[in-house]
Amino acid sequence: MVVIRQAHAEDIITITQLAYDLLPERYSAGVFSSLFERFPHGMLVAQEGSEIVGFLLGIIPAEDSARVLMLAVPPWCRRKGVGTGLLAAFRKSMDAFHVTSIHLEVMTTNDAAIAFYRKNGVEI
């Protein structure tokens, strides 16, 4: 069973490794640590047993608006509700901050991501 929870500081190394393995961009652990320190509520992980199987990193750049910076799930966990769970948990957690809109960017060539976000009610 996959559990979605707020990330802990000790999760940063695993999140960094997942990002390195799954995303085309390269970020140091320092980037994740800095974002975690600035807004820990924006970093969520999907955990199955003792293994982290996905993460979402978001921020609140404006008073009533949030932004998803990264969402990553390994291929073997896709189409199992992990990404949907992370996105839903982020949306719900943003209610406490009175966020009225959530934004994100995705490469126009990433058809799978676009389909995923559309399925989850994201408007282009």
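Note: the structure precedes this text.
For the structure given in this document, a descriptive report is provided here. (Residues numbered from 1 in each chain as written. Predicted model: local features only at pLDDT ≥ 70, side-chain atom pairs only at ≥ 80, totals over all residues. Heavy atoms only, no water.)

**Digging into the overall build of the chain**
Next up, step 1: Secondary structure assignment for the chain yields 4 helices and 5 strands.
Next up, step 2: For the chain, whose C-alpha radius of gyration is 14 Å, the value lies close to the compact-globule estimate of 14 Å for 124 residues.
Next up, step 3: A principal-axis box enclosing the C-alpha atoms of the chain has dimensions of 35 × 30 × 30 Å.
Next up, step 4: Burial statistics for the chain: of 124 residues in total, 38% are counted as buried.
Next up, step 5: Carbon and sulfur atoms make up 54% of the accessible area of the chain, which totals about 7400 Å².
Next up, step 6: For the chain, the distance from the average site of its 11 positive side-chain charges to the average site of its 13 negative ones is 6 Å. (Helix = DSSP H or I, 4+ residues; strand = E, 2+ residues; numbered from the N terminus. Rg over C-alpha atoms; globule rule 2.2 N^0.38 Å. Buried < 20%, exposed > 50% of the residue type's maximum accessible area, 1.4 Å probe, protein only. Areas by Shrake-Rupley, 256 points an atom, 1.4 Å probe, with all protein chains shown as cover. Lys, Arg positive; Asp, Glu negative; His and termini not counted. Charge placed at Lys NZ, Arg CZ, Asp CG, Glu CD.)

**Notes on the environment of Ser34**
Next up, step 1: If you trace the backbone, Ser34 turns up in helix α2 (residues 29–38).
Next up, step 2: Sequence separation of Ser34 and Val82 is 48 residues, and the distance between their C-alpha atoms is 25 Å.

**Some details on the nonpolar core**
Next up, step 1: One finds Leu56, Leu71, Val82, Leu86, Leu87 and Phe90 to be the most contacted residues of the largest nonpolar core, which totals 19 residues.
Next up, step 2: Breaking this core down by element, the ones donating at least two residues are β2 (43–48), β3 (51–62), β4 (65–72), α3 (82–95) and α4 (111–119).
Next up, step 3: Top contributing element to this core by residue count: α3, with 5 residues.
Next up, step 4: When neighbours within four sequence positions are excluded, Leu87 is seen to be in contact with Leu56, Val68, Leu71, Phe116, Tyr117, Asn120 and Val122.
Next up, step 5: In this structure, Ile15, Leu23, Met43 and Ile52 belong to the second largest nonpolar core, which totals 16 residues. (Core = buried A, V, L, I, M, F, W, Y, C linked by side-chain atoms within 4.5 Å. Contact = heavy atoms within 4.5 Å.)

**Some remarks on the pairing of strand β5 (residues 101–104)**
Next up, step 1: As defined by bridge partners, β4 adjoins β5 across 4 bridges and the pair is classed as parallel. Residue pairing in the sheet places Ser65 in a bridge with Ser101 of β5.
Next up, step 2: Where the polypeptide runs from β4 across α3 and back to β5, its parallel neighbour, the crossover connection is right-handed. (Pairing = 2+ DSSP bridges. Right-handed = clockwise from strand over helix to strand, strands pointing away.)

**Things to note about the sheet that holds β5**
Next up, step 1: Reading across from one edge, β1-β2-β3-β4-β5 is the order of the 5 strands in this open sheet, with mixed pairing throughout. In this open sheet, the two strands that pair with only one neighbour each are β1 (2–6) and β5. Each neighbouring strand pair of the sheet contributes to a mean axis angle of 25°, computed without reference to strand direction.
Next up, step 2: In the packing of α2 onto the sheet, contacts are made with β2, β3 and β4, and the angle to β3 comes to roughly 60°. (Axes fitted to C-alpha atoms, helices over the stretch in contact; angles between N-to-C directions.)

**Observations regarding the side chain of Thr16**
Next up, step 1: The residue Thr16 is located in helix α1 (residues 12–22) in this model.
Next up, step 2: Residue Thr16 is classed as buried on the basis of its relative accessible area, which comes to 12%.
Next up, step 3: Excluding residues that lie within four positions of it along the chain, Thr16 makes contacts with Tyr27, Ser28, Ala29 and Phe32.

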